[in-house]
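Close look at the chain arrangement
One-letter residues, chain by chain:
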Amino acid sequence: MISAGNKLKSVAALVALALSATVSAGVSDKDILNDQATTHDVVSNGMGLKGQRYSPLTHINTETVKDIRPVWGFSLGGEKQRGQESQPVIKDGVMYITGSYSRVFAIDVMTGDELWQYDARLPDGIMPCCDVINRGVALFGDLVIFGTLDAKLVALNKKTGKTVWKKKVEDYKAGYSITAAPIVVKGKVITGVSGGEFGVVGKVRAYDAKTGQIAWERPTVEGHMGYIWKNGKKVENGISGGEPGKTWTGDLWKSGGAAPWLGGTYDPEVDLLFFGTGNPAPWNSHLRPGDNLFSSSRLGIDPDTGKIKWHFQTTPHDGWDYDGVNEVVAFNYKSGGKTIKAAATADRNGFFYVLNRENGDFIRGFPFVDKITWAKGLDKNGRPIYNEAIRPGNPAASKDGKKGSTVVAAPSFLGGKNWMPMAYSKDTGLFYVPSNEWEMDIWNEPTAYKKGAAYLGAGFTIRSINDDYIGVLKAIDPVSGKEVWRHKNYAPLWGGVLATAGNLVFMGNPEGYLMAFDAKTGEVKYKFNTGSGIVGSPVTWDMNGEQYISILSGWGGAVPLWGGEVAKRVKDFNQGGMVWTFKLPK
Ligand code: CA
Ligand code: CA
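Here's a quick rundown of the structure. Computed from a predicted structure; not experimentally measured. (Residues numbered from 1 in each chain as written. Chains lettered and ligands numbered in written order. Predicted model: local features only at pLDDT ≥ 70, side-chain atom pairs only at ≥ 80, totals over all residues. Heavy atoms only, no water.)

1. A look at the overall build of the chain
Short version of the rule: Each helix is a run of DSSP H or I of at least 4 residues and each strand a run of E of at least 2, with the numbering of both proceeding from the N terminus. Computation of the radius of gyration draws on C-alpha atoms, with the globule rule given as 2.2 Å multiplied by the number of residues to the power 0.38. Exposure classes here rest on a 1.4 Å probe applied to the protein chains alone. A residue is buried below 20% of its type maximum, exposed above 50%, and partly exposed in between. What makes two residues a contact is simply this: any of their non-hydrogen atoms within 4.5 Å.
Of regular secondary structure, the chain possesses four helices and 40 strands. On C-alpha atoms alone, the chain measures out to a radius of gyration of 23 Å, which is about the 25 Å that the 2.2 N^0.38 rule sets for 586 residues. Principal-axis analysis of the C-alpha atoms gives the chain an extent of 95 × 55 × 55 Å. Here the chain holds 586 residues, and 63% of them are scored as buried. When contacts within the chain are restricted to residue pairs at least 6 apart in sequence, those whose partners lie at least 24 apart make up 60%.

Okay, here's the thing in C-alpha cells:
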C-alpha cells in the first residue's frame, strides 16, 4: 500500500521524469508541426512549416505597439558583417540565429548574452552568387542544423555548439552553396541547394536529422535520376520527369540549373513538401528552346521518397532570370460552402498565383506589381502569354554574334518579389507581400558551360521605375486578387514579414527601421531604427506572460551586388550585424 506522502513523492518523481524526458528529447516532429499554435517557442523557419509567418499572440497589438521598446541587442561582431537574412528560432530560453559567412549563435533570450558561437571554416573558393548570407537554422532533438556556403549541412549540439554531424551535400567547386534554412519533416532534415548561376543541377535532399544519414535525393532538372537510400544502399528511384531532355535542347539539361535555393515548406494535410526552383541555365534562353522543366517552377514533393507529385511552372523557357523559388504558403479558404486547399506564391515574374495544393492545379493568378512587360497576362492554365518583343534578343542573330538586342523588361530579374518571405493572416484573410517596382535593360551574349564558372550568357542593369519608391508592402486578397492597402518604401524591400492576431504586420526596411502596420489599413503604428538595413525576418513569441519581437539588422544581400542603378541608390546604407529584441514595459 502506498501512503499519501509516498504517493505524492511518486507523483512528483513521475512529473520530474516526464519533465526530464521532455527536456532531453528536445524538439520533436510534433513540436515542429504545432509551431504556429505554441507561442512560447519558434522551432521552425516560417513560424510553422506552412510558412504563414503568423502568430496568435495579441498582447502587442494596434493599441499597445507604440509602447514596445528594445530590451537587448546582440552584436554578430567581427569583420564579417554582410547581409543578415536569418530568422531567429527560440526554444527553452535560447535563441539560435545564423550570421553572414555561415556562422551560428546561441543567445540567452532573457539577457542577450552569447552562449556559444559556431564559425564554419569556409574554403577560399566558395561561390555564393548573391552575398555571403544565411537564412537560419532548423531544430530537431538536441541539434541545431544549418547549411553552409560550401554546401554542407552541419548539426551542432544545442548546449555546446560543437559539431555532432557534418555532411557534404554537394561540391562547392562546381558552384553549389546553401543559404536557405533547412526544414525538418518526419525526422528528416530537408534542404535545397543554390548555384543556378553556375549551371549546377538543382536538387532537394533529405537526411536523417539525428544521424545525418542520407535518405533521398531528388534532382529538379528533368532527366536526372532520383535516389533513395534503403538500409544504407543507394537505390534508383525514377528519372525526374521521365526521359532526359524532353523539354530541353541537346545536352543542356545536364547543366540545367533549376536550383531550389530558397528551401521549402510543408503541409501535413496533404503530406507534401513545396519547393520552388530557380532559373534554367544559362540565362540566354536562345540556347535552350523548350519549357526547360522543372526550372522556374513550384514542385509538390513526397517527403518520404522525394518523388515529384506535381509541378507548376510559372515561367516556362525563362529568359529573364525570374527563377521560381519563392515560398509556397498553404492556406484554406471557403468557396461555395467548400473548403479549398490552396497555396499561394508571389513570383519574381510579377504574378501572384493561387494553386490547388493537392495537385498543383492553377486556380487563379494576377499581377501584384504595377508594371509587367514581359507577359501580357496568364492563360486559363496559368501559363504566361508572352510579349515576344520583351524577350532579350539572340546574339547569334546579331551582326558580330556577340550581343543580342537589348530589351527593357519589368520586373527586373531581382523580381516583383525576391526571397523575402510574405506572411498570411487567417484573421484578415490577406497576404502581406514585400514587393519591388523596378525594371532592367537585359541582353544576351554567347556562353558555354564550364564547371565552377558563371554561366549566364546575359548582361543587365537594373533601375527604379519611380523616383520616390521601389519597395511596396502590399496587403493582397488571394481570393479576389484585390490590393487592400500598400505602403511605399524608398529603397527596395529585402526582409521578411510577420503577421499577428494583434492586427499587426511587422517588417524591416533597408533604411534600418523595424516597422509595425495595422493589418487592416496599413497605417504605420510603430517604427524604430536599428542602425543598419534590415533584410531579415521578424519573429514573435511569449515568455513568462510577456510577448517579445525579435529581428536581425544588417544591410546586404543581392541588391548592393547586382542592383545596377539601384545599387547606387543604396550605397550609403551602413552594414551591421545585430539582433534586436523588443517587448512592452512591465
Ligand atoms: Ca511555437
Ligand atoms: Ca537565378
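And the narrative resumes.
2. Focus: the coordination of the calcium ion (ligand 2)
For clarity, the threshold we go by: Metal coordination here is assigned from N, O and S atoms located within 2.8 Å of the ion, or within 3.2 Å for Na, K and Ca; omission of water means that sites may look incomplete.
Ligation of the calcium ion (ligand 2) by protein atoms is provided by Glu197 (OE), Asn279 (OD1), Asp321 (OD), Asp323 (OD) and Asp323 (OD), these donors lying 2.3 to 3.0 Å from the ion. Within one chain, the residues serving as donors to the calcium ion (ligand 2) are arranged as E-x81-N-x41-D-x1-D. Highlighted residues: Asn279 in the loop between strand S18 (272–276) and strand S19 (297–301) and Asp323 in the loop between strand S20 (308–313) and strand S21 (329–335), separated in sequence by 44 residues. Residue classification places Asp323 among the buried residues on the basis of a relative accessible area of 2%.

3. Describing the pairing of strand S4 (residues 94–99)
Operational definition: When DSSP finds two or more bridges between two strands, those strands count as paired.
The buried fraction of S4 is high, at six of six residues. Of the two faces of S4, both are covered, the one formed by Val94, Tyr96 and Thr98 as well as the one formed by Met95, Ile97 and Gly99. Connecting strand S3 (residues 89–91) to the next strand, S4, in antiparallel fashion are two residues, including Asp92 with a positive phi near 50 degrees. In this structure, S4 lies alongside strand S5 (residues 103–108), joined through six bridges in antiparallel fashion. From the neighbouring strand, Val94 faces S5, where its bridge partner is Asp108. Hairpin connection between S4 and S5: a loop of three residues separates the two successive antiparallel strands, and Tyr101 in this loop has a positive phi of roughly 60 degrees.

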